[in-house]
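Structural description and commentary
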Amino acid sequence: MSEFKLADRLSALPPYLFAAIDKAKAEVAAKGMDIISLGIGDPDLPTPDFIIEALYASAKKAANHRYPDYVGMLAYRQAVADWYKQRFDVDLDPKTEVVSLIGSKEGIAHFPLAYVNPGDTVLVATPNYPVYGIATQFAGGVVEYLPLVEENDFLVDLDAISNDTWAKAKMIFVCYPNNPTAATATKPFYEKLIEKAKEFDVIVVSDAAYTEIYYDPDNKPISIFECEGAKDVCIEFHSLSKTYNMTGWRVGMAVGNQSLIAGLGKIKENVDSGIFQAVQEAGIAALRDGEPFAENFRAIYKERRDVVSAALTKIGIKHRIPDASFYLWCNTPEGYKSSEFVTNVLKQTGVVLTPGNGFGTPGEGYFRISLTVNNDKLEEAVSRISKL
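In this text the structure is predicted, and so the values were computed from the model without any measurement.

**Considerations on the sheet that holds strand 11 (residues 354–355)**
Ordered by their spatial adjacency, three strands build an open sheet running 9-12-11, and the pairing between neighbours is antiparallel. For this open sheet the edge positions go to strand 9 (327–331) and strand 11, each flanked by a neighbour on one side alone. Pairing of strand 11 with strand 12 (residues 366–370), which is carried by two bridges, proceeds in the antiparallel orientation. Its bridge partner being in strand 12, Pro355 is matched across the sheet by Phe367.

Here it is, written out as structure tokens:
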């Protein structure tokens, strides 16, 4: 069989973090070891029945068996706009300021193609979701990473970015609540980011996929669009995946600046044919009626968070107690590098963790725990780690 050389854009990429973790996990499982996976952030809780029932009813409609609109059904986009108004008190025009996505990852991966030319600089706050940098490279852009450090609560130090860097940047990626550190952004931070972006004509890309996984109802994560001027320079990506346990459904949205939404829509016209309309109608049901279920999921994650935090404290592993997301960002034990520790844990205990440096250089010295298994398995995982 012939061997064909990959395109340079693929050959230049490192192995995708979570694919590499799955491979290592499979190798250990093949040896007969019981695996507890705290790696990828894939909710173990089922999608609520009412959403599944909505899909079933919609899938039987013949009209939904044809090609959907590229940018999404207007009814779905209206449901997104209604949800943003209810949740964040943000007004959106569903016709021009909302586009449907086949999961937020798809939209994030395609967005730089609309605005980044070869050689353009894109700023990426790191540790980060790997897709930001990969998407930039696919578009021919040059990634300049901005370190997120504990001393600054894992917020981008906007004052540390030189005017020369701002001047050459085409866009900046930020993610709050942050994956992987679980840090949350403040309104003053977003206001300053918007001010800088407007001054230097930089596109702000906000990944807000985890805003609905929070633990204090009096301190909910905010949308960047709650800040004045955000629509001048911002696009925000969101998803139903984490909020309603719909990771496999592949349904999300981008909202914000009309021209940025139109640019992303232009890419989507040429590379996909939209989301199955029955999935969009199920998404409408989720956005309209899903809040009581999301509240229940938050209570479950909070209990898990507290169980793991107590267990980690007991064995002397430092960590952040998150206000949002279902991740714990933990310090590796003294004497270990991130990958070394995670590999050792996997091989000796069967517990899958994610190395912090897999999200970027500033993640060295940390590892991430995902709260996507039940309490018994979480306690068992930490117990196994304690015996190393």
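Having put the structure on the table, let's press on.
**Things to note about the UniProt feature "domain: Aminotransferase class I/classII large" (unreviewed entry) in the protein chain**
Per the UniProt annotation, the sites labelled "domain: Aminotransferase class I/classII large" (unreviewed entry) are residues 34–385. Across residues 34–385 one finds 41% helix and 16% strand; the C-alpha atoms that close the span lie 14 Å apart.

**Examining the nonpolar core**
The biggest cluster of nonpolar side chains holds 63 residues, and the ones touching the most others in it are Val156, Tyr176 and Leu193. For this core, the secondary structure elements donating two or more residues are helix 3 (49–59), helix 4 (74–88), strand 3 (121–126), strand 5 (169–175), helix 8 (187–200), helix 9 (230–233), strand 8 (252–256) and helix 11 (277–289). Among the elements that line this core, the one with the most residues is helix 4, at seven residues. A domain-level breakdown of this core finds at least three residues from each of domain 1 (8–47 + 291–386) and domain 2 (63–289). The residues contacting Tyr176, other than those within four sequence positions of it, are Leu148, Phe154, Leu155, Val156, Ala183, Thr184, Ala185, Phe189, Tyr190, Asp207, Ala208 and Thr211.

**Looking at the domain arrangement of the protein chain**
Looking at the assigned domains, one finds that the protein chain contains domain 1 (8–47 + 291–386) and domain 2 (63–289). Between domain 1 and domain 2, the C-alpha centre-to-centre distance is 25 Å. Taken together, both faces of the contact between domain 1 and domain 2 bury some 3300 Å²; the carbon and sulfur share is 59%. Inspection of the domain 1/domain 2 interface yields zero salt bridges. Those elements giving two or more residues to the side of domain 1 that touches domain 2 turn out to be helix 1 (8–11), helix 2 (17–29), helix 12 (291–315), strand 9 and strand 12. Ranked by residue count, the leading element in the side of domain 1 that touches domain 2 is helix 12, at nine residues. Its residues assigned to classes, the side of domain 1 that touches domain 2 shows 22 nonpolar, six polar and nine charged.

**Focus on the sheet that holds strand 7 (residues 234–239)**
The strand order across the open sheet built from seven strands is 2-8-7-6-5-3-4, with neighbouring strands paired in mixed fashion. Edge positions in the sheet fall to strand 2 (98–101) and strand 4 (142–147), since each of these pairs with one other strand and no more. Strand-to-strand twist across the sheet, computed as the mean angle between neighbouring axes with direction ignored, equals 20 degrees. Where helix 10 (residues 258–271) meets the sheet, its contacts fall on strand 2, strand 6 (203–207), strand 7 and strand 8, and the angle it forms with strand 2 comes to roughly 35 degrees.

Definitions and limits used
Residues numbered from 1 in each chain as written. Predicted model: local features only at pLDDT ≥ 70, side-chain atom pairs only at ≥ 80, totals over all residues. Heavy atoms only, no water. Pairing = 2+ DSSP bridges. Helix = DSSP H or I, 4+ residues; strand = E, 2+ residues; numbered from the N terminus. UniProt positions renumbered as here; feature names shortened; annotations may be inferred. Core = buried A, V, L, I, M, F, W, Y, C linked by side-chain atoms within 4.5 Å. Buried < 20%, exposed > 50% of the residue type's maximum accessible area, 1.4 Å probe, protein only. Domains from an automatic or database assignment. Contact = heavy atoms within 4.5 Å. Buried area = accessible area lost by both parts, 1.4 Å probe. Salt bridge = Lys/Arg side-chain N within 4 Å of Asp/Glu carboxyl O. Nonpolar A, V, L, I, M, F, W, Y, C, P; charged D, E, K, R; others polar. Axes fitted to C-alpha atoms, helices over the stretch in contact; angles between N-to-C directions.

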